[in-house]
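Structural description and commentary
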Amino acid sequence: MSAIAVADGLSVIGFGVALLFFFLLPVDPARPYVRPIKAFLLAAMGVYVFVGISNTLEWAGITKVLDPYEDYVEVLFIPFVAYIVYAMATAQQLEDTKRGSELLRDQHELLSSIVDTSPAGVLVVAADGKITFANGLAQDVLGLREAAAGRFLPPPDVRFSHEAGGVTGVGEGLEELLDRNPEGRVLRFVEHPGGRMIVIDVRTEPLPFAAPGRGSAVVAFVDTTAQMRYRQDLEEAVEVRTEELIELNSRLEVANDAKREFLTRMSHELRTPLSSIIGFTATLLAGYAGDTSAEQKKQLEAIRASSRQLLGLVDEVLDISLIEAGRQIVNWAPVDVGMFLRGVYDSMSPIVREAEIDVELDAPGSLGEAVTDEDKLAQVLRNLISHAIRSTPAGGWIRIVARGDDGSVTITVADSGAGIAPEDLDSVLVPFGQMVGRPGVRAQESGLGLAISHDLVDLLGGEIAVTSELDRGSTFTVTLPRRPRPRSTEVSGAPEAPSP
Amino acid sequence: MFEESEIVDLLMALLLTPIIWLSFRTLKLPGKTWFLFGYFVIMVAYACTVAEGYVLPDLFNALEHIGYALAGAGFAGGAWSMLVESRRAAQR
């Protein structure tokens, strides 16, 4: 058997197997065009099955009867293949188109659902100004009526304008809007018959496939009527409240002035009889009005002590009234800070000794001078030292430390006393603020000394700060400029360890 | 000695091949390489048939018949791929 005969046999087997496989290919009933393609595939394979069989029969010497038909059959193979390939490509295009249509339909349904359920009004305005699409909300707000598929008519009696009470119809208004703002965000007013007014926040976006110039555009809007009304109401309420506050503040100022005036006058009026009481008590104690018994002297001493305490309180009330009224006069003069502090320290020594407290002054002679009001600064320091004495139990300590640099002088008064609770730190420098439940502070505290110190330091252009911790003491720090400059007051929280 | 039908087959194949190729390359078809191989071998066999009439008749005749055998194998491979893929798609 020659190689050609074997090749022909293999050819029959190969094309026969291919024919069988094509025959077994399933045909989807949804795709009937596969049937003729399959038929042509079978026919094409049949061509070479026929040729192979014919050749094999001939080589085997069985018969030559098929040989004359070989040429007629073989010539069909290439046209069959051409038809099959073309038909398959066409079928594939059809499948792709079908799939594309389904995808497009799904996308359209999804988009329609989104637009229909959107809380925004959406409409499409064509290049000729006609409305070709409007979702439910847009139809409701603008009063549109669907005249035909893809055509919405604006109502003649609804106004659409850039300001309330406009006279433009919806159609013209949309055209004007797109001409002026082809892309952007604006406010518009829609006024329905019967006075229903709707404020809409409109956004416009040209469609990407629109022609140059003003083409089709998407117009989307949100109903902002409620927000607008709320804003207007809020603005009106704020305006009314502001006026009320201004009036109330004005009344408070008048009342405060009256109170200040009353305190000033009352203090003046109280000083005279108090001075008389102290004077006459001294006269009685000196025996100018006759002999007094030991018990009478004791009673007179108590009257004098109470009167002096009351006079001190009246003086403090007078001071704070004058400061608040702006009637304190500052006598600026150069002061040697070291010498000044030594003087204050000496004047306070008897009281300190009586309280059995260890007091130490650390003020180097090189501190130099500062321009200030000596009397007022002395009052500040006396108040701070008095507060420290009243806060510190017997056996405790007070440190007065002064340091200076080119621009300022810092005086620190620290004690080991009761300290101030963190929540009270903010009120300790406020008039009467320290009178409310300060544990460990002796009863004669008027509540005005620290407030007066605060105001006086401010008047002297400096600042005062306080740090404290309960049961560990307080530190008051006064910083004064060497040359006066107006400053505000500051209160801070964390305590500092006092310098020895 | 050549035959007219063999010339016609070769000419038809040469004329239609570019058109077939334009459609064939866009097809998403399992076993595409097998079909391409089978078609190419058929073309070679056609050429051998024509050449057989002018030179080395025994060799080209043998090549022609071997070509048909290889083309049969190619088309069988392609058909198998299509069958397997269509059954897999039906299962999905």
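See above for the structure.
As a starting point, this report considers the structure included with it. (Residues numbered from 1 in each chain as written. Chains lettered and ligands numbered in written order. Predicted model: local features only at pLDDT ≥ 70, side-chain atom pairs only at ≥ 80, totals over all residues. Heavy atoms only, no water.)

Another aspect to go through is the packing of aromatic side chains. Following the criterion strictly, the structure yields eleven aromatic pairs over all chains and no others. Each ring, one from A:Phe15 and one from A:Tyr48, has its centre 5.1 Å from the other, and the planes form 25°; the classification is stacked. Of this pair, A:Phe15 sits in helix H1 (residues 3-24) while A:Tyr48 sits in helix H2 (residues 34-59), and the two are 33 residues apart along the sequence. As far as the burial class goes, A:Phe15 and A:Tyr48 line up, both buried. Relative to A:Phe80, the ring of A:Phe40 has its centre 5.4 Å away and its plane inclined at 85°; by these criteria the two rings are edge-to-face. With a gap of 40 residues between them, A:Phe40 in helix H2 and A:Phe80 in helix H4 (residues 77-117) connect regions that are remote in the sequence. Looking at A:Phe80, the relative accessible area reads 16%, which means it is buried. Through pairs of rings, three or more aromatic residues link up here, namely A:Phe15, A:Phe22, A:Tyr48, A:Phe77, B:Phe35, B:Tyr68 and B:Phe75. Between the NZ or CZ atom of A:Lys38 and the centre of the ring of A:Phe23, over which it lies, the distance is 5.6 Å. A cation over a ring is seen here: B:Lys32 above B:Phe24, with NZ or CZ 5.4 Å from the ring centre. (Phe/Tyr/Trp six-rings, centres within 6.5 Å; stacked < 30°, edge-to-face > 60°. Helix = DSSP H or I, 4+ residues; strand = E, 2+ residues; numbered from the N terminus. Buried < 20%, exposed > 50% of the residue type's maximum accessible area, 1.4 Å probe, protein only. Lys NZ or Arg CZ within 6 Å of the ring centre and 35° of its normal.)

Strand pairing in a sheet is mediated by backbone hydrogen bonds. Such pairs are either parallel or antiparallel. Residue and element names in this part refer to chain A. Read from one edge of the open sheet, five strands run E10-E12-E13-E15-E14, paired in mixed fashion. In this open sheet, the two strands that pair with only one neighbour each are strand E10 (358-362) and strand E14 (463-469). Going across the sheet, the axis of each strand differs from the next one's by a mean of 10°, ignoring polarity. Note: E10 against strand E12 (residues 397-404), five bridges, orientation parallel. Residue pairing in the sheet places Asp362 in a bridge with Val401 of E12. (Pairing = 2+ DSSP bridges. Axes fitted to C-alpha atoms, helices over the stretch in contact; angles between N-to-C directions.)

Our next topic: the interface of chain B and chain A. Between chain B and chain A, the contact holds 35 residues from the first and 31 residues from the second. For the chain B and chain A pair, buried surface summed over both sides reaches about 2900 Å², with 75% attributable to carbon and sulfur atoms. Summed over the three residues of chain B that lose the most area to chain A, namely B:Leu27, B:His65 and B:Tyr68, the buried surface amounts to 17% of that side. Taken together, the connections running from chain B to chain A amount to one salt bridge. Remark: the boundary between chain B and chain A carries six residue pairs in polar contact (both at pLDDT 80 or more). Put simply, the parts of the chain that give the side of chain B that touches chain A at least two residues each are helix H1 (4-24), helix H2 (32-52) and helix H3 (57-91) of chain B. Per-element tally for the side of chain B that touches chain A: the top contributor is H3(B), with 17 residues. Looking at side-chain class alone, the side of chain B that touches chain A contains 24 nonpolar, seven polar and four charged residues. (Contact = heavy atoms within 4.5 Å. Buried area = accessible area lost by both parts, 1.4 Å probe. Salt bridge = Lys/Arg side-chain N within 4 Å of Asp/Glu carboxyl O. Polar contact = N/O pair within 3.5 Å; in protein donor to acceptor, adjacent residues only side chain to side chain. Nonpolar A, V, L, I, M, F, W, Y, C, P; charged D, E, K, R; others polar.)

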